[in-house]
Amino acid sequence: KARRTLAADAAARAARALPHARPTTAPADTAAAEARPRRTIHDCEGGTDLPGTRVREEGQEATGDATVNRAYAGLGATFELFHGVYGRNSIDGAGLPLIASVHYDRDYGNAFWNGEQMVFGDGDDEIFLDFTLPVDVIGHELAHGFTQYTANLEYFSQSGALNESVSDVFGSLVKQYALGQSVEQADWLIGEGLFHPNVQGKALRSMKAPGTAYDDDVLGKDPQPAHMDDYVRTSRDNGGVHINSGIPNRAFYLAATELGGNAWERAGQIWYDVMTGGTLTPETRFAEFAAATVAAARARYGDGAEIQAVLKAWSAVGVPT
Ligand code: ASN
Ligand code: ZN
């Protein structure tokens, strides 16, 4: 019952903070308020067969494996953001069970959403540590599922960079909401704590200052641009999806910090409304996404600080609205 109280409190907080907003969460006595995560964690034990052996299900107590327990908690934190703040029952809005597999392969330095579930590697212990360590990385991977069920942005070029950026935005919001951090308190990093101590870097990416997350002999320098003037045209990385995401990432950071308070409230609500509003297509590019955030800000908040913050943010990164 503690979870219901948490979600209800969050909804009440959000409602107080958003006096002009339509309610985004159902009253406490409806089915939506009864929504609970349905989590299952599997262990690949160093193999690559998915999902692997089931090791922890919803409601079961912690296991002796910290990786399993972090994955379980991270799935819960992601569910709590989408449900407690936006009234969404799981990433598909229909109570989708959340499945993760840990200890995938040996020395596997990545994590991914495969269209049906999350997969986490242990890292190689030279560059990367365990990919379940940063909760924003767990949120990032699950947000790929959210995007799949909503705008379904094609994973290539500008639409792909938006897909990546949306995962960074909601991944960061999962962390900020779980820790109760305001825009000033948030680190605006993705994957802080993931690098081995030998690596010269703070994190995988910085939403606040794209291009400054790491500068390492082995990894090289963070390639992310922070402005359209520095947009990277490349055939690598699906047309630079993890590179050019720096531009919309910084736009979100700027809009959220201009508004102040908690990023999941107004800025996050606007980005959520864009993703679920039905106006994007899989081929949506930066300028169309930016225009959609302006329209969403107006639709929810009218002509006020929100629309001004969004316009200013996109202008600062060189994306026309
Ligand atoms: N961790 C990466 C991501 O979620 C995996 C990938 O390249 N798809 O973006
Ligand atoms: Zn991603």
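Residues numbered from 1 in each chain as written. Chains lettered and ligands numbered in written order. Predicted model: local features only at pLDDT ≥ 70, side-chain atom pairs only at ≥ 80, totals over all residues.

## A short note on the site of ligand 1
By nearness alone, every residue bordering ligand 1 is listed as Asn110, Ala111, Phe112, His140, Glu141, His144 and Glu164. Going through the elements one at a time, strand S4 (111-113) and helix H3 (135-149) are the ones with two or more residues in the shell around ligand 1. A total of three residues in the shell around ligand 1 trace back to one element, the largest contributor, which is H3. Classifying every residue of the shell around ligand 1 gives two nonpolar, three polar and two charged. (Near = placed C-beta within 6 Å. Helix = DSSP H or I, 4+ residues; strand = E, 2+ residues; numbered from the N terminus. Nonpolar A, V, L, I, M, F, W, Y, C, P; charged D, E, K, R; others polar.)

## Focus on helix H7 (residues 266-276)
Of all 11 residues that make up H7, 10 are buried, and the element is covered over most of its length. Within H7, the full set of buried residues consists of Arg266, Ala267, Gly268, Gln269, Ile270, Trp271, Tyr272, Asp273, Val274 and Met275. Each element contacted by the buried residues of H7 is listed here: helix H2 (66-85), H3, helix H4 (157-179), helix H6 (246-259), helix H8 (286-301) and helix H9 (305-316). Glycine 278 lies just past H7 and shows a positive phi near 80 degrees. (Buried ≥ 20, exposed ≤ 12 C-beta atoms within 10 Å, placed from the backbone. Contact = placed C-beta atoms within 7 Å.)

## Considerations on the packing of H4 against H6
Following both chains from N to C, one finds H4 and H6 inclined at 40 degrees, their axes separated by 8 Å at the closest point. Relative to H6, the element H4 lies oblique. Handedness of the crossing formed by H4 with H6: right-handed. In this structure, H4 contributes Ala161, Leu162, Ser165, Asp168 and Val169 to the contact, and H6 contributes Pro248, Asn249 and Phe252. Taken together, the residues of the contact of H4 with H6 break down into five nonpolar, two polar and one charged. (Axes fitted to C-alpha atoms, helices over the stretch in contact; angles between N-to-C directions. Parallel < 35°, antiparallel > 145°, perpendicular 65-115°, else oblique. Left-handed = near helix turned anticlockwise from the far one by under 90°.)

## Observations regarding the domain arrangement of the protein
Looking at the protein, the domain boundaries give domain 1 (2-149) and domain 2 (157-316). Facing the 28 residues of domain 1 at the interface are 31 residues of domain 2. Those elements that place two or more of their residues in the side of domain 1 that touches domain 2 are helix H1 (2-17), H2 and H3. With nine residues, H3 is the largest single contributor of residues to the side of domain 1 that touches domain 2. Here the side of domain 1 that touches domain 2 is built from residues that sort into 18 nonpolar, six polar and four charged. (Domains from an automatic or database assignment.)

## A few points about the nonpolar core
Of all hydrophobic cores here, the largest spans 88 residues; its most connected members are Ala71, Phe120, Leu142, Leu194, Ala251, Phe252 and Ala255. For this core, the element with the highest residue contribution is H2, accounting for nine residues. Leave out the neighbours within four places in its chain, and phenylalanine 252 touches Val169, Met207, Ala267 and Trp271. (Core = buried A, V, L, I, M, F, W, Y, C linked by C-beta atoms within 7 Å.)

## A word on the UniProt feature "domain: Peptidase M4 C-terminal" (unreviewed entry) in the protein
Residues annotated by UniProt as "domain: Peptidase M4 C-terminal" (unreviewed entry) correspond here to residues 151-319. Here residues 151-319 runs as 47% helix and 5% strand, with 20 Å between its end C-alpha atoms. (UniProt positions renumbered as here; feature names shortened; annotations may be inferred.)

## Structural notes on unusual backbone geometry
The omega angle of the peptide bond from leucine 50 to proline 51 is 0 degrees, so this bond is cis rather than trans. When you line up the elements, proline 51 lands in the loop between strand S1 (39-43) and strand S2 (53-57). Even without a glycine there, the phi angle at serine 90 is positive, about 70 degrees. Locating serine 90 in the fold gives a position in the loop between H2 and strand S3 (98-102). Given 23 C-beta atoms within 10 Å, serine 90 falls into the buried group. Here serine 157, not a glycine, exhibits a phi torsion of approximately 55 degrees, which is positive.

## Describing the sheet that holds S3
Pairing is mixed in the open sheet, where five strands are placed in the order S2-S1-S3-S5-S4. Strands at the two margins of the open sheet, each flanked by one partner only, are S2 and S4. The average undirected angle you get between the axes of adjacent strands in this sheet is 20 degrees. Sheet topology note: the S3/strand S5 (residues 118-120) ladder contains two bridges and is parallel. Looking across to S5, one finds that alanine 100 is bridged to methionine 118. (Pairing = 2+ DSSP bridges.)

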